[in-house]
Amino acid sequence: MAGGNLESRAPVARSLTLELARVTERAAIAAARLRGQGREKEADQAAVDAMRLELNLLPIDGTVVIGEGERDNAPMLYIGERLGTGDGPKVDIAVDPLEGTTLCAKDMPGAIAVTALAEAGSLLAAPDVYMQKIAIGPGYPAGLVDLDASPADNIAALARHKGVDPAQITAIILDRPRHMQLVAAVRATGAGIRLISDGDIAGIIHTANAEATGADIYLGIGAAPEGVIAAGVLRCIGGHMQGRLILDSYDKRERAARMGISDPNRKYELHDMARGDVIVAATGVTDGALLRGVRFRPGLIETETVVYRSASGTVRRMLCEHRLLGDA
């Protein structure tokens, strides 16, 4: 297309916005049937099976770029798997059938099912490794915070721009031993910290609506696939994010190279991780700050889903009642 621009094209059909909701609803319902039973692997597999079934019904020619792992370790929804009917647009697919497997197994808040679609070649094909991440919401100038700046400098920059004291800034950080020094550095600035046990996709999303969530900045190390999906959401609703893959072994660098990553130290900006027309759907499995969990009623199943689309900047929240799911 002469003068074509990836950011100005919208090749992903608008109808897929609602179709994608069916995908995450099905996965969430399947996982929710195992809530609180302590069976992490079984709940994850149930979500994978249900999500794959629904994705294969979509009128797309899709390729999984963010999945459950490589084919040898993930028989379904593996990186490189082709999905859909093959009759529609070529798209990248990113999946996290059950973000927060432990949360689901323990029936704790925040487990969700998530899927993203984007124009083919638009999502970073990241290996299943860790990623260093930093994210803030919309309304800030580019470069205000930086992955390579110290926590103190990032907190100070954010506080100055907001016109508040650092003590009025709240950072979201995964509660992990690897973050002990990060937590200490943030607390030394006087800023508050909200530690989360799992679910850093939701954690990053919360920074995009700081007035409602009280979360100003996300800091720390989490899984790379979840980082790419979260970047897709920020592409839809605004915000800034940077990430760097942690490729700290020969095996990880080799895996990344096979996926086309030539610079193992590259700092990825938001548009490097997710560009073009992106659609992201998420359905609650357990109750959480982002979404309500699945409710099972006599003859009825209730779900809450949010769908984001970058081309239109829309956010749709759907409370659905399902009466004819068969053995969903």
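Details of the structure are given in the entry above.
In this text, all values refer to a predicted model and were calculated from it rather than measured experimentally.

Peer 1: Describe the state of the cysteines, with residues and values.
Peer 2: In the structure shown here, the tally under the stated rule is 0 disulfides. Residue Cys104 stays outside any disulfide, its sulfur separated by 19 Å from that of Cys320, the closest cysteine. For Cys236, which is in no disulfide, the shortest distance to another cysteine sulfur is to Cys320 and amounts to 19 Å. With a relative accessible area of 6%, Cys236 lands in the buried category.

Peer 1: Tell me what's going on with unusual backbone geometry, and back it up with residues and numbers.
Peer 2: A positive phi angle, near 55 degrees, is found at Leu77, a position not held by glycine. Tracing the chain through its elements places Leu77 in the loop between strand 1 (61-66) and strand 2 (82-83). A positive phi angle is found at Asp107, which is not glycine, with a value near 55 degrees. In this structure, Asp107 sits in the loop between helix 3 (101-105) and strand 4 (112-119). Residue classification places Asp107 among the partly exposed residues on the basis of a relative accessible area of 46%.

Peer 1: Talk me through the side chain of Asp200; I want residue IDs and the actual numbers.
Peer 2: Tracing the sequence through the fold places Asp200 in helix 6 (residues 200-207). On the basis of relative accessibility, which here comes to 4%, the residue Asp200 falls in the buried class. Reaching out from Asp200, the side chain makes a polar contact with the side chain of Lys133 at a distance of 2.5 Å.

Peer 1: Can you tell me about the pairing of strand 3 (residues 90-99), naming the residues and giving the values?
Peer 2: The element strand 3 is largely enclosed, with a buried count of 9 among its 10 residues. Here 5 bridges tie strand 1 to strand 3, and the two strands are oriented parallel to one another. Bridge pairing in strand 3 links Gly62 to Val91. As paired elements, strand 3 and strand 4 share 7 bridges and run antiparallel to each other. Paired with Asp92 across the strands is Ala118, a residue of strand 4.

Peer 1: How would you summarise helix 2 (residues 40-55) if you had to cite specific residues and measurements?
Peer 2: The end-to-end C-alpha distance of helix 2 is 22 Å, a good match for the 22 Å that 16 residues give at a rise of 1.5 Å each. Buried within helix 2 are the following residues: Ala43, Asp44, Ala47, Val48, Ala50, Met51, Glu54 and Leu55. Packing partners of the buried residues in helix 2 comprise helix 1 (16-32), strand 2, strand 3, helix 3 and strand 4.

Calculation notes
Residues numbered from 1 in each chain as written. Predicted model: local features only at pLDDT ≥ 70, side-chain atom pairs only at ≥ 80, totals over all residues. Heavy atoms only, no water. Disulfide = S-S within 2.5 Å. Buried < 20%, exposed > 50% of the residue type's maximum accessible area, 1.4 Å probe, protein only. Helix = DSSP H or I, 4+ residues; strand = E, 2+ residues; numbered from the N terminus. Polar contact = N/O pair within 3.5 Å; in protein donor to acceptor, adjacent residues only side chain to side chain. Pairing = 2+ DSSP bridges. Expected span 1.5 Å × (residues − 1). Contact = heavy atoms within 4.5 Å.

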